[in-house]
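An overview of the molecular structure
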Amino acid sequence: MSFAEVHREMLDLFPSRPSAVLDIGAGSGRDAAALAGLGHRVLAVEPTAELRSLGRRIHADRAIEWIDDSLPELRVLRGRDERFDLILLTAVWMHLDSRQRESAMAGIAGLLAPGGQVFLSLRHGPVPAGRRMFDVSPDETTALGRHHGLDRVRLAEREDLHGRPGVRWSCLGLRRNADAG
């Protein structure tokens, strides 16, 4: 799947000028590479060494900085004192339990520049064998974001791009409001 297919519901909200972008749970770097190709400064966070290595190799021509870090703490990232205009969490959020989501949202909100945006996707439907996933609603995530100074800018629902039976996705956009610290 291409970057444009995965993010089609939110693309018009992505920054058009070169911006600081954080891709949390970057995997092998599809989104990070596409955003770097658009002129953004991209930091890809991926806790799995094999995926980081693959991403570095297949996207060696892109200006992507890769770091080993993970939600909910983001210990390495928090120590860097950086702020981002865009934070992506593609197919990541539903792997965190409720306590981890609370902690992670606080950290993510603190990493956003004024007016910065977070885009995340939530998987709904049967959990594959051997996977850890939670049923996380867009309303719960919106309320959690609001508690941390983030306002919902868009919610879109879509089918599963892989055509898996019973699986659907919610795409949620949040923006740091003007009153947030």
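The following paragraphs examine the structure supplied in this document. As the structure is a prediction and not an experimental result, all values here were calculated from the model.

The rules behind each value
Residues numbered from 1 in each chain as written. Predicted model: local features only at pLDDT ≥ 70, side-chain atom pairs only at ≥ 80, totals over all residues. Heavy atoms only, no water. Helix = DSSP H or I, 4+ residues; strand = E, 2+ residues; numbered from the N terminus. Rg over C-alpha atoms; globule rule 2.2 N^0.38 Å. Buried < 20%, exposed > 50% of the residue type's maximum accessible area, 1.4 Å probe, protein only. Contact = heavy atoms within 4.5 Å. Salt bridge = Lys/Arg side-chain N within 4 Å of Asp/Glu carboxyl O. Core = buried A, V, L, I, M, F, W, Y, C linked by side-chain atoms within 4.5 Å. Pairing = 2+ DSSP bridges. Axes fitted to C-alpha atoms, helices over the stretch in contact; angles between N-to-C directions. Polar contact = N/O pair within 3.5 Å; in protein donor to acceptor, adjacent residues only side chain to side chain.

Another aspect to go through is the overall build of the protein chain. What the protein chain contains, in helices and strands, is six helices and seven strands. Along the chain direction, N to C, the helices and strands of the protein chain fall in the order α-β-α-β-α-β-α-β-α-β-α-β-β. Computed over C-alpha atoms, the radius of gyration of the protein chain comes to 15 Å, within 12% of the 16 Å expected from 2.2 N^0.38 for 181 residues, which places it in the range of a compact globule. Taken along the three principal axes of its C-alpha coordinates, the protein chain extends 40 × 40 × 30 Å. By the burial criterion, 49% of the 181 residues in the protein chain qualify as buried.

Mapped onto the elements of the fold, Thr-90 is located in the loop between strand S4 (84–89) and helix H5 (98–111). Once residues within four sequence positions are removed from consideration, Thr-90 is found in contact with Val-6, His-7, Ile-24, Arg-30, Asp-31 and Ser-121.

Further remarks concern the pattern of salt bridges. Close approach of charged atoms allows side chains with opposite charge to pair. All chains considered together, the criterion is met by 16 salt bridges. A salt bridge links Arg-154 to Asp-12, with the nearest nitrogen and oxygen atoms 2.6 Å apart. One end of the pair, Arg-154, is in strand S6 (residues 150–159); the other, Asp-12, is in the loop between helix H1 (3–6) and strand S1 (20–24), with 142 residues separating them in the sequence. The exposed category is assigned to Asp-12, whose relative accessible area is 57%. As a salt-bridge pair, Arg-164 and Asp-160 come within 2.7 Å of each other at their nearest N and O atoms.

Now for the nonpolar core. Counting residues in hydrophobic clusters, the biggest one holds 33 residues, and the most contacted among them are Leu-22, Leu-71, Leu-77, Ile-87, Leu-89, Trp-93 and Val-118. In contact with Leu-22, other than residues within four places in its own chain, are Leu-43, Val-45, Leu-77, Phe-84, Leu-86, Ile-87, Leu-88 and Leu-111. Listed in part, the 19 residues of the second largest apolar core include Phe-3, Ala-33, Ala-44 and Trp-66.

What is expected of a backbone is that most residues other than glycine have negative phi and most peptide bonds are trans. Looking along the chain, the bond that leaves Leu-71 and enters Pro-72 is cis, with omega of 5 degrees. Within the secondary structure, Pro-72 is located in the loop between strand S3 (64–67) and helix H4 (75–78). For Leu-74, which is not glycine, the phi torsion reads 50 degrees and is therefore positive. Among the secondary structure elements, Leu-74 is positioned in the loop between S3 and H4.

One open sheet accounts for seven strands, arranged S3-S2-S1-S4-S5-S7-S6; its pairing is mixed. Sheet topology places S3 and S6 at the edges, where each strand pairs with a single neighbour. Strand after strand, the sheet turns through a mean of 15 degrees between neighbouring axes, direction not considered. When S4 meets strand S5 (residues 112–124), the two strands line up parallel, connected through five bridges. When the bridges of S5 are listed, Leu-86 appears paired with Gln-117. Packed on one face of the sheet, helix H2 (residues 30–37) meets S1, strand S2 (41–45), S3 and S4 and runs near 170 degrees to S2.

Position of Ser-137 relative to the elements: it lies in the loop between S5 and helix H6 (138–147). Given the relative accessible area of 31%, Ser-137 is considered partly exposed. For the pair formed by Ser-137 and Ala-34, sequence separation is 103 residues and the distance between their alpha carbons is 28 Å. Among the polar contacts listed, one links the side chain of Ser-137 to the backbone nitrogen of Glu-140, at a separation of 2.9 Å.

To continue, consider the side chain of Gln-117. Checked against the element boundaries, Gln-117 lands in strand S5. Taking relative accessible area as the criterion, Gln-117 reaches 6% and is therefore assigned buried. One polar contact links the side chain of Gln-117 to the main-chain carbonyl oxygen of Leu-13, over a distance of 2.8 Å. Setting aside chain neighbours within four positions, we find Gln-117 in contact with Leu-13, Asp-85, Leu-86, Ile-87, Leu-112, Val-153, Leu-174 and Arg-175.

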